[in-house]
Amino acid sequence: MMGLTRRALAAAGLAAAAAPAALAQVAGKRPLVIAHRGASGQLPEHTLSAYLLAIRQGADFIEPDLVPTRDGVLVARHENEISATTDVASKRNFASRKKTKTIDGRQVEGWFVEDFTLAELKTLRARERLPKIRPANAKYDGNEAIPTFHQIVELARGESAKAGRTIGIYPEMKHPAYFRGVGLAIEPRLAAALKIQGLESRSSPVIVQSFEPDSLQRFRRLSPVRRIQLIAADGGPADGKGARYADMLTPGGLKAIKAYADGIGVELPLVLNLAETAMPGTPLVGLAHATGLQVHAWTVRAENHFLPEALRRGTAPEAYGDVHALLRALYASGVDGVFTDFPWVAVQVRGGK
Ligand code: G3P
Ligand code: CA
């Protein structure tokens, strides 16, 4: 596996000559500000520019979602189907790659990362996912290639040195059961990629996340870095084990998570009563802390489209609402970190502004 990853990185001209020194621990302020797909409220998500902007805005961690290419290189995309976030549909040479697949029990039509080598994928350019809500971001369509995980770690390392503070990396393994099934398991590739980068201790500035407990448990056997179990407000993981998120949130469920993870990454309504004007916290943070689990909440976005009704300002979906109030309520709830598309706002509110 290690050989495979080294070969794939070398093929991309990305292999590190030797394992670099580990990054220092992320220090300082809490709750952590985690830049969700970069500063994705202002630039197309999962581009090096979006991560860089997030770092310059003071984010503590940058969050890449990861999927593997046909030759096994981890790259940053939220889905393995890439027609919404790249120009692949306009590429005549790739027209025949369009397929319909079943991903996590759902039929999906389009172009899939795992059908492209890294070299092929690098000929594509990133696009804004939400051009109607984020038209300013769409002006940057076509500017950048899809970054590899290796490039993202290198960016964080370089910017940490420049800024004199450690910027952490918070990768999410996307569709891990699906990728294991097609012979492109993410867990060993991610563990190997971290090791190559010298990120291989519990104190490394890395937190690995997944919705699938089975994937986190497999990853735990390969790497000591910290892990977060993602939990949505509805449904259950897609790993075929039949678990439900509601059961994972009970005292017994949290105790079971504690056996393989350091915390939970939960959807906003699980930590805040968003229907009430004052947005009081739910009992979850206290329960999780009593179990020894950290709590990180997702996802804070500034636009009316994503905010609870009481926080919307005006009627335009793309206009910014009172995201400051949402962040204040989240911080008051006791969460240990927030995922946000707008890291600068989260940093500002954390600083009492
Ligand atoms: O990883 C936290 C949050 O990002 C989970 O949702 O769909 O944005 O990856 P998603
Ligand atoms: Ca994610």
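Residues numbered from 1 in each chain as written. Chains lettered and ligands numbered in written order. Predicted model: local features only at pLDDT ≥ 70, side-chain atom pairs only at ≥ 80, totals over all residues. Heavy atoms only, no water.

J.: Outline the site of ligand 1, supporting the account with residue identities and numerical values.
T.: The full set of residues close to ligand 1 is His36, Arg37, Glu63, Asp65, His78, Glu172, Lys174, Gln209, Phe211, Leu230, Trp298 and Phe339. Contacts to ligand 1 include histidine 78, whose side-chain N or O atom sits 2.6 Å from an oxygen atom. Here an oxygen atom of ligand 1 sits 2.7 Å away from a polar atom, N or O, in the side chain of lysine 174. Surface burial for ligand 1 is 91%, taken as the share of its 280 Å² of free accessible area covered by protein chains. Looking at the shell around ligand 1 residue by residue, the classes come out as 4 nonpolar, 3 polar and 5 charged. (Near = heavy atom within 4 Å. Polar contact = N/O pair within 3.5 Å; in protein donor to acceptor, adjacent residues only side chain to side chain. Areas by Shrake-Rupley, 256 points an atom, 1.4 Å probe, with all protein chains shown as cover. Nonpolar A, V, L, I, M, F, W, Y, C, P; charged D, E, K, R; others polar.)

J.: A description of the coordination of the calcium ion (ligand 2) should follow, citing residues and the corresponding values.
T.: Distances from the calcium ion (ligand 2) to its protein donors, namely Glu63 (OE), Asp65 (OD) and Glu172 (OE), fall within the range 2.1 to 2.4 Å. For the calcium ion (ligand 2), the 6 donor atoms in the first shell make angles of 56 to 163° at the metal, a pattern classed as irregular. For the calcium ion (ligand 2), all donor residues lie on one chain, and their spacing in sequence is E-x1-D-x106-E. Of this pair, aspartate 65 sits in strand 3 (residues 65–68) while glutamate 172 is found in strand 8 (residues 172–173), placing the two residues 107 residues apart along the sequence. An identical accessibility class is assigned to aspartate 65 and glutamate 172; each is buried. (Donors = N, O, S within 2.8 Å, 3.2 Å for Na, K, Ca; no water. Tetrahedral: all angles 85-135°; square planar, octahedral: opposite > 155°, others 65-115°. Helix = DSSP H or I, 4+ residues; strand = E, 2+ residues; numbered from the N terminus. Buried < 20%, exposed > 50% of the residue type's maximum accessible area, 1.4 Å probe, protein only.)

J.: Pulling in residues and values, what's your account of the packing of aromatic side chains?
T.: Applying the stated criterion to the full structure yields 7 aromatic pairs. With a centroid separation of 5.0 Å and an interplanar angle of 70°, the aromatic rings of tyrosine 178 and phenylalanine 179 are classed as edge-to-face. Here the two residues tyrosine 178 and phenylalanine 179 agree in accessibility, since each one is buried. Put simply, the rings of Phe61, Tyr170 and Phe339 touch in pairs and so form one group of aromatic residues. Between the NZ or CZ atom of arginine 97 and the centre of the ring of phenylalanine 116, over which it lies, the distance is 5.1 Å. (Phe/Tyr/Trp six-rings, centres within 6.5 Å; stacked < 30°, edge-to-face > 60°. Lys NZ or Arg CZ within 6 Å of the ring centre and 35° of its normal.)

J.: Break down helix 5 (residues 149–163) for me, with residues and values.
T.: For helix 5, built from 15 residues, the straight-helix expectation of 21 Å at 1.5 Å per residue is met to within 8% by its first-to-last C-alpha distance of 21 Å. Every buried residue of helix 5 is listed here: Phe149, His150, Ile152, Val153, Leu155, Ala156, Arg157, Glu159 and Ser160. (Expected span 1.5 Å × (residues − 1).)

J.: Talk me through the packing of helix 7 (residues 186–196) against helix 8 (residues 213–220); I want residue IDs and the actual numbers.
T.: Put simply, helix 7 and helix 8 touch, their axes get as near as 9 Å, and they point 40° apart. By the angle class used here, helix 7 and helix 8 are oblique. You can see that helix 7 and helix 8 cross each other, and the crossing is right-handed. Counted together, Glu187, Leu190, Ala191 and Leu194 of helix 7 and Ser215, Arg218 and Phe219 of helix 8 form the full contact between these two elements. Split by residue class, the contact of helix 7 with helix 8 holds 4 nonpolar, 1 polar and 2 charged. (Axes fitted to C-alpha atoms, helices over the stretch in contact; angles between N-to-C directions. Parallel < 35°, antiparallel > 145°, perpendicular 65-115°, else oblique. Left-handed = near helix turned anticlockwise from the far one by under 90°. Contact = heavy atoms within 4.5 Å.)

J.: Could you give an account of the side chain of threonine 86, naming the residues involved and the relevant values?
T.: Mapped onto the fold, threonine 86 is located in the loop between strand 4 (74–76) and strand 5 (99–103). Of note is the side chain of threonine 86, whose polar atom sits 2.8 Å from the backbone oxygen of isoleucine 82. Among the polar contacts made by the side chain of threonine 86, one reaches the main-chain amide nitrogen of valine 88 at a distance of 3.2 Å.

J.: Any details on the pairing of strand 9 (residues 207–210)? Residues and values, ideally.
T.: The two faces of strand 9 match: Ile207 and Gln209 on one face and Val208 and Ser210 on the other face are all buried. Summarising the sheet, strand 9 and strand 10 (residues 226–231) pair through 4 bridges and their orientation is parallel. Residue glutamine 209 lies in a different strand from strand 10, and its bridge partner there is isoleucine 228. With helix 8 bridging strand 9 and its parallel neighbour strand 10, the resulting β-α-β unit is right-handed. (Pairing = 2+ DSSP bridges. Right-handed = clockwise from strand over helix to strand, strands pointing away.)

J.: Which residues make up the environment of leucine 272, and what are the values?
T.: With respect to the secondary-structure elements, leucine 272 resides in the loop between strand 11 (263–267) and helix 11 (284–290). Using a relative accessible area of 1% as the deciding quantity, one classes leucine 272 as buried. Those residues in contact with leucine 272 that sit more than four places away from it in its chain are Met279, Pro280, Gly281, Thr282, Leu326, Ala329, Leu330 and Ser333.

J.: Residues and numbers for the nonpolar core, please.
T.: Membership of the largest hydrophobic core comes to 98 residues, with the highest contact counts inside it found for Ile264 and Val271. Here this core takes 7 residues from helix 12 (residues 323–333), the largest share from any one element. Not counting residues within four places of it along the chain, the set of residues in contact with isoleucine 264 comprises Ile228, Gln229, Ile231, Leu254, Ile257, Leu284, Ala288, Leu293, Gln294, Val295 and His296. (Core = buried A, V, L, I, M, F, W, Y, C linked by side-chain atoms within 4.5 Å.)

J.: So what's going on with the pattern of salt bridges? Which residues, and what values?
T.: Throughout the structure, instances matching the rule amount to 23 salt bridges. With its nearest N and O atoms 2.9 Å apart, the salt bridge here joins aspartate 341 to arginine 134. With aspartate 341 in the loop between strand 13 (337–340) and helix 13 (343–350) and arginine 134 in the loop between helix 3 (118–121) and helix 4 (135–138), this pair connects stretches of sequence that are 207 residues apart. On the basis of relative accessibility, which here comes to 2%, the residue aspartate 341 falls in the buried class. When its relative accessible area of 5% is taken as the criterion, arginine 134 is described as buried. Linked through salt bridges whose partners overlap, the residues forming this network are Arg37, Glu45, Asp65, Glu79 and Arg129. (Salt bridge = Lys/Arg side-chain N within 4 Å of Asp/Glu carboxyl O.)

These figures capture arrangement, not role.
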